[in-house]
Amino acid sequence: MSIELDLVPGGVARALDALPLVDHHAHGATARDLSRNAFEELITESDQPVPEWMTQFDSQLGFAILRHCAPVLGLEPFCTPEEYLARRARLGAEEVNRLLLGAAGIGHFLIETGYRAEELLGPSGMAEASGAPADEVVRLETVAEQVAAGGCEASAFADRFARALWERTRTARGLKTVAAYRYGLDFDPARPARDEVTEAAGRWLAEGGRRLSDPVLLRHLIWTGLERGLPLQFHVGIGDPDLDLRRSDPLLLRGLIELAEPTGVPLLLLHCYPYQRQAGFLAQAYPNVYFDVGLGVGYTGARSVSLVAESLEVAPFAKILFSSDAFGPAELHHLGALLWRRAMARVLGGFVAEEEWSVAQAVRVASMVGAENARRVYGLAAGG
Amino acid sequence: MSIELDLVPGGVARALDALPLVDHHAHGATARDLSRNAFEELITESDQPVPEWMTQFDSQLGFAILRHCAPVLGLEPFCTPEEYLARRARLGAEEVNRLLLGAAGIGHFLIETGYRAEELLGPSGMAEASGAPADEVVRLETVAEQVAAGGCEASAFADRFARALWERTRTARGLKTVAAYRYGLDFDPARPARDEVTEAAGRWLAEGGRRLSDPVLLRHLIWTGLERGLPLQFHVGIGDPDLDLRRSDPLLLRGLIELAEPTGVPLLLLHCYPYQRQAGFLAQAYPNVYFDVGLGVGYTGARSVSLVAESLEVAPFAKILFSSDAFGPAELHHLGALLWRRAMARVLGGFVAEEEWSVAQAVRVASMVGAENARRVYGLAAGG
Amino acid sequence: MSIELDLVPGGVARALDALPLVDHHAHGATARDLSRNAFEELITESDQPVPEWMTQFDSQLGFAILRHCAPVLGLEPFCTPEEYLARRARLGAEEVNRLLLGAAGIGHFLIETGYRAEELLGPSGMAEASGAPADEVVRLETVAEQVAAGGCEASAFADRFARALWERTRTARGLKTVAAYRYGLDFDPARPARDEVTEAAGRWLAEGGRRLSDPVLLRHLIWTGLERGLPLQFHVGIGDPDLDLRRSDPLLLRGLIELAEPTGVPLLLLHCYPYQRQAGFLAQAYPNVYFDVGLGVGYTGARSVSLVAESLEVAPFAKILFSSDAFGPAELHHLGALLWRRAMARVLGGFVAEEEWSVAQAVRVASMVGAENARRVYGLAAGG
């Protein structure tokens, strides 16, 4: 018996290690070399300078970098931040990306390109650096802001946005909204009337048409996105301080979920921390709801096992996905995958060791959550 | 030492296995044979058809059925859904109920009869199938809807409801409200005035007097229930999508709890997921508050250990109860009890193994939560 | 390998046992002998008499007292409440305090003196009983109520309060606000205008100037406190039923946190249960936010490991502190420290055993959270 207990979680872990994941929501890796300051500011959600009495390396994410990324760059685990950053600088961004992305075991990337894209690798750059195919997810708000930047009358905004969205998403796999950042998820879920949109567009364009945060326009973008018909990702839960975490509770989306159900469009709730149990409830209750615990897995490091475990409670296994939500340092892409695999191996291996699940069930669920569900939702070819 | 550590959790587990539980909130088992579709729709809270690309068996609850119920029906654990359902069909509903209810180890059932009762075994049917006594819990809203269905003037509603409630509950052990489904727990806690009730009843009866969802009437039912004086159960937390989970947070009941305290009526918060910690706080803060984590235990399957553990944090042990909240398939009654026992054995056994609790303490708390607290609250005879 | 796994958590535990903690938020120990009733009423947050069908010893906190405090008083672990209280009475309050505080391993106490101080040891009494230095934290609301009690015109209130606060805090290390109890954390974060303050003071003083609960005045106190410039503690989350736990969510402080950031004053969120993950997010997002999980650690007893683990997720390690929030029985001071040490040893030792952290990292983080962060924030000399 004790031999079986030892082997069994190992069997699940080996299956997870061999599984090419679909990272259904990541941003590009940075193509630039990073100063210590720049690196530290990219491993926190804070938008303030790092206080002089602390370092962002003293965090679960920082410790995970020193533990798991250091060996990929040829260092001992648990090296110092100084040693790590020195090696990183010596190798250069391109080689660092190649090493960390290559070792992440990703079978397919979906890259969201709507935020600070000029600093980051795009889908083709990610494909090249990682050796895995990479497709695009388009951010609704960015398309609208580009329409405004190009010059647009209020009365023409709705049509111009629709045309731009169709044009911009010809080869895209999905859409994304950051309404949680721009307003909160507590917006009126109904599709706004045409004249409301025109009026709101008038106000926004008159102010310069930059950062779109008007709730009428945000709803209009979402409803136009639902019409476009691609799977629609929602930022939910943890993020930078721009966001009021209270107004980022996925339960606030209930009205929209119900109104959107007839469209058949899959709604994908991203991150969700600390509301992963609420997201799981929505994924059980509504056929059009999916979720992941990306971002939180990286930030919680050694504690990610608990987060992943909580994501495996009430949602059907066909409704849970994997993502890294990595942005910038390729460490985040690498750790998103590595920590998720370790957490899944520990959680599912635990179910097996406790004789609650069979090994076959554990391996199948790992494959569903890690790859198959995303392949089905986004229509990706099997195996890449 | 290692021998003790091995034996000790086993001792707690054996005590739990031998303990006849009081399931203080369950619905009846279904008396019908179930198609695959019908079965799958009864093992989820979703009210939509199961999408063709998934099965509800791919869930913690589904896996728990294949793991723990299959052997009760004479199959190997981890059989396929097809094998399971074929065996279930061959045995027939009556035999399935007899086997699963009989093996659940329940000493006393309290059966809530207010929802789709025509499909389910009533208290006497449950007693017969399980071999354990079964008493009734009466749903307030159903009694009110029956008064309306019988024809009633608005001005007579309050009296007619009171009379019907007293009549209907002559032998009942408790009352139940589903205000969380019908409106949300964020209702005004004060007892409504007589003319408010008459006015609201007028509106409701004019519309046909069917599904009662007016918050004035819901409050009136609750306050009449408090006057009736039987222990009063509240649906709290997880449920079907009819319910806004945000408005089902038990902390919303604070005002009512305080107003109801002088009545001396025990208020029992059912389910509570994912708000079990909030419920535990209320149970510590207010002498009239009790709670359980029923429903969630079944739905979280192999993860129920975590839910049960969180229920054992800040509430006094005299304020925590056991329920299955099973509805329909007797698998849910069986698993409610089995998974709760396993979770308690693991959690309390863990406290013992970590040398934080004695075995005697663990066994006593298991008995309090599993049976004694409910016997005291509902006035059930000791041992059944 | 197995030898290493056994030793390693032990190494972390030994380092924690040897670490003199800074308890950055406690009240005094009671100087009085306590009847059984009085004792039981001090080991719960309930403000109601203990019902005759239960004892507060049947709780995680009660079990922890019998397990861990009994041996300090010379009894066997897991003795009965009667044996425990008899020994306690025989030793007398002074000796009980000396034994329990002396064995808590505290290097420095910060004592909040604003609540029922006449029943409790003050900082000097705590220093004498424990052998550790003890400084004061001053409660804003108490200072304001003392100003009112001394007689004050509405128009003079703001100046009189400021003068009293500066006077009262000449040697204090920090300030504390209980706005969560008096109103809720959902107050307008902006500094109120002078005439608003005068008007609100007029209303309050006209009513007798006792319990201060006007939100304009609470805000005024907080902003005056920010001007005073000492670290400012906020009661957050769990507390007695005076408090609406829903309105005690730390995320409600977002607006104030942002407005207060330019002052450079550290804001310390106390307790936070069950919102510890939300507090962790704020501590990551905002440089001026810190938090602890005091109070909850004692109340959750054998389950405190889970609470401490959740506090170690997304916050940088430089932003997490230790406190007991003990009030009254010295058992609470003792257990606050003991249970936190055991929980940290188990959680950090677990990270090490899983090869996610090095022993050196674990020992360093234990020291940061247990003492160094508080020494930096409050400007305490190293080592006491």
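All figures in this text were calculated on a predicted structure; none of them were measured in a lab.

Quick notes on the rules
- The residue numbers shown here count from 1 along each chain, following its written sequence.
- Both sets of labels track the order of writing: A upward for chains, 1 upward for ligands.
- Local features in a predicted model are, by the rule used here, given only for residues with pLDDT of at least 70; side-chain atom pairs are given and counted only at 80 or more, and totals for whole chains, interfaces and linings are based on all residues.
- Only hydrogens and water are set aside; all other atoms, that is, all heavy atoms of the structure, feed into the side-chain values.
- Numbering of helices and strands runs from the N terminus, with a helix taken as a DSSP run of H or I at least four residues long and a strand as a DSSP run of E at least two residues long.
- One less than the number of residues in a helix, times 1.5 Å, gives the span that helix is expected to have.
- Each residue gets one of three labels from its accessible area relative to the maximum for its type: buried under 20%, exposed over 50%, partly exposed in between, using a 1.4 Å probe on protein chains only.
- Least squares is the method used to superpose the copies, on C-alpha atoms of residues holding a pLDDT of at least 70 in both.
- By the convention used here, strands pair only if DSSP detects at least 2 bridges between them.
- For helices, the axis comes from a line fit to the C-alpha atoms of the stretch in contact; other axes are also lines fit to C-alpha atoms, and the angle between any two N-to-C directions lies between 0 and 180 degrees.
- Only heavy atoms matter for contacts: two residues are in contact if any of them lie within 4.5 Å across the pair.
- UniProt positions are given in the numbering used here, feature names are shortened, and annotations may be inferred rather than shown by experiment.
- Here a salt bridge means any side-chain nitrogen of Lys or Arg lying within 4 Å of a carboxyl oxygen belonging to Asp or Glu.

A.B. asks: If you had to explain helix α16 (residues 330-353) of chain A to someone new, which residues and values would you point to?
C.D. replies: Residue and element names in this part refer to chain A. The terminal C-alpha atoms of α16 lie 34 Å apart, and with 24 residues this matches the ideal 34 Å at 1.5 Å per residue to within 8%. Where burial is concerned, most of α16 is hidden: 20 out of the 24 residues are buried. Directly beyond the C-terminal end of α16, a positive phi value near 65 degrees is found at E355.

A.B. asks: How would you explain the relation of the copies chain A and chain C if you had to name every residue and give the values?
C.D. replies: Between chain A and chain C, which share one sequence, the superposing operator has a rotation angle of 120 degrees and an axial displacement of 0.0 Å; the RMSD is 0.0 Å. The two molecules are tied by a three-fold rotation axis, judged by turn and shift. The position closest to the rotation axis in chain A is occupied by the C-alpha of S306 of chain A, lying 5.7 Å away.

A.B. asks: Residue-level account of the sheet that holds strand β4 (residues 174-177) of chain C, with values.
C.D. replies: Residues and elements named next belong to chain C. Reading across from one edge, β1-β2-β3-β4-β5-β6-β7 is the order of the seven strands in this open sheet, with parallel pairing throughout. Across the chains shown, the open sheet's two edge strands, defined by having one partner strand only, are β1 (21-26) and β7 (289-291). Across the sheet, the mean angle from the axis of one strand to that of its neighbour is 25 degrees, orientation sign disregarded. Bridging between strand β5 (residues 232-236) and strand β6 (residues 267-271) involves five bridges; their strand directions are parallel. Across the sheet, residue L232 finds its bridge partner in β6, namely L267. Sheet strands in contact with helix α6 (residues 123-130) are β2 (106-112) and β3 (134-139), and its direction is about 150 degrees off that of β3.

A.B. asks: Summarise the UniProt feature "domain: Amidohydrolase-related" (unreviewed entry) in chain A; cite the residues concerned and give the values.
C.D. replies: Per the UniProt annotation, the sites labelled "domain: Amidohydrolase-related" (unreviewed entry) are residues 205-380 of chain A. The span residues 205-380 of chain A is 51% helical and 7% strand by assignment, and the distance between its end C-alpha atoms comes to 38 Å.

A.B. asks: Account for the pattern of salt bridges, naming residues and giving values.
C.D. replies: Here the structure, examined in full by the defined rule, presents 75 salt bridges over all chains. We note a salt bridge from E310 of chain C to R277 of chain B, for which the minimum N-O separation is 2.9 Å. Placement of E310 of chain C in helix α15 (residues 304-311) and of R277 of chain B in helix α13 (residues 276-285) is noted, with the two residues assigned to different chains. According to the relative accessible area criterion, E310 of chain C is buried, its value standing at 5%. According to the relative accessible area criterion, R277 of chain B is buried, its value standing at 8%. Look at the salt bridges and you will find they share partners, linking R277 and E313 of chain A together with R303 and E310 of chain B into a network.

A.B. asks: Got a sec to walk through the pairing of strand β4 (residues 174-177) of chain B? Specific residues and values, please.
C.D. replies: The side chains of a regular strand alternate, first on one face of the sheet and then on the other. Residue and element names in this part refer to chain B. Burial along β4 is two-sided: G174 and K176 facing one way and L175 and T177 facing the other are all buried. Relative to β4, strand β3 (residues 134-139) runs parallel, the two being bridged by three bridges. Pairing of R139 across the sheet is with K176, part of β4. Sheet analysis places β4 next to strand β5 (residues 232-236), joined by three bridges and oriented parallel. Bridge pairing in β5 places T177 opposite F234.

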